[in-house]
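Here's the letter readout for the chains.
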Amino acid sequence: MEVLKITSQFGHEIMAENFAAVSDLAIAVVPNKDIQEEYDAEVQKIFDNMRFFSATVFKVPFEERHKYQHSLDVVRLLKDEKLPDDCWGEFARTRLSSQDDPDTLTQYPGLEDEDNILVIPQKLLSDGECGVSAAQQSLPLEVFDFLIARPEKPVLGQHFHKINDRPIVEDLVKRFDGRLYVPGLTENEHVFGIRGVQHREYYNMYRQLKLSVGIAGTHTWYLLTMFPEIPQVILYNKSGVEHWPAIAEAYRKQGKQIYAIGFDENTDMQQLSKEVEAKVAELLG
């Protein structure tokens, strides 16, 4: 049986599951662990999280993991920049769907009856495998200050450490005049931090968004594959491995409002802010 394998449970694995849907492949969970006790724990954790996106996900027993050594690994291909730009056309025509009843998942009353904008200004955590560090993927907060004056409710979408990064998050709330909605801060305490929380728990939060703007991350793949109708302004470091202009163009060809704006160490951040502000205003009408 031809399968696609995943070894972890982050945004790129959501991407991989969509590729599996494109080719009607089953998804083998094969973590990179050589000690059985560690392997078994990791395979169960990944399976429990990633089966939310697809019914074809299955666990590979420790003693059979070698059989999948050469199985298709699109996450590795992406990180090695071996995915051709023309592969995104079919990807953009495919979407995933919740394998759970959304009514049984975490609800977000604080976002109801609001025009919500997901904002991801910085990256505090990174696996370091995408060609750029977390710091290099981040942007000065000033780039997003234009959102403060907008009428929509800003929603923080970045991952952070529940304890160590709490002061940073609280300062962000103050910067947005107390209007920044942080999942888990005022309701649903269990989702605070995002990293380490199962993806399914944010389904109803993402579902209530009007737009997403900020640096690329797990949320980007989640929205592209589950809610491609939600407009996105994807900000990315040009030295990263993802070819975001090609991905965004593939979605626009499907009538979706997905845009990618690159930056690097030479970018004029004031000009970048103006460009992002103009695109957000255009998309929100």
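Look up a bit, the structure's there.
Participant: Report on the packing of helix α8 (residues 218-226) against helix α9 (residues 244-252), specifying residues and quantitative values.
Facilitator: Running from N to C, α8 and α9 point in directions that differ by 20 degrees, and their axes come no closer than 12 Å. Between α8 and α9, the crossing angle belongs to the class labelled roughly parallel. Every pair of crossing elements has a handedness; the one defined by α8 and α9 is left-handed. In contact with T220, W221, L224 and T225 of α8, α9 contributes W244, I247 and Y251. Residue composition of the contact of α8 with α9, by class: five nonpolar, two polar and no charged.

Participant: Go over the sheet that holds strand β1 (residues 3-6) with me, naming the residues and quoting the values.
Facilitator: If you walk across this open sheet you meet the three strands as β1-β2-β3, and the pairing is parallel. Two strands in the sheet have a free side with no partner beyond their single neighbour: β1 and β3 (57-59). Taking each pair of neighbouring strands and ignoring which way they run, the sheet shows an average axis angle of 35 degrees. Sheet topology places β1 next to strand β2 (residues 26-29); four bridges connect them, and they run parallel. Paired with L4 across the strands is I27, a residue of β2. Helix α1 (residues 11-23) rests against β1, β2 and β3 of the sheet, and its axis sits at about 175 degrees to β1. Running over the sheet, helix α2 (residues 36-50) touches β1, β2 and β3 and is turned about 165 degrees from β3.

Participant: So what about the environment of L139? Which residues, and what values?
Facilitator: On the secondary structure map, L139 appears in the loop between α5 (134-137) and β5 (153-156). Along the chain, L139 and M269 lie 130 residues apart, while their C-alpha atoms are 8.3 Å from each other. Setting aside residues no more than four positions away along its own chain, L139 makes contact with P121, Q122, F144, I215, L235, F263, M269 and L272.

About the criteria used
- Residues numbered from 1 in each chain as written.
- Predicted model: local features only at pLDDT ≥ 70, side-chain atom pairs only at ≥ 80, totals over all residues.
- Heavy atoms only, no water.
- Axes fitted to C-alpha atoms, helices over the stretch in contact; angles between N-to-C directions.
- Helix = DSSP H or I, 4+ residues; strand = E, 2+ residues; numbered from the N terminus.
- Parallel < 35°, antiparallel > 145°, perpendicular 65-115°, else oblique.
- Left-handed = near helix turned anticlockwise from the far one by under 90°.
- Contact = heavy atoms within 4.5 Å.
- Nonpolar A, V, L, I, M, F, W, Y, C, P; charged D, E, K, R; others polar.
- Pairing = 2+ DSSP bridges.

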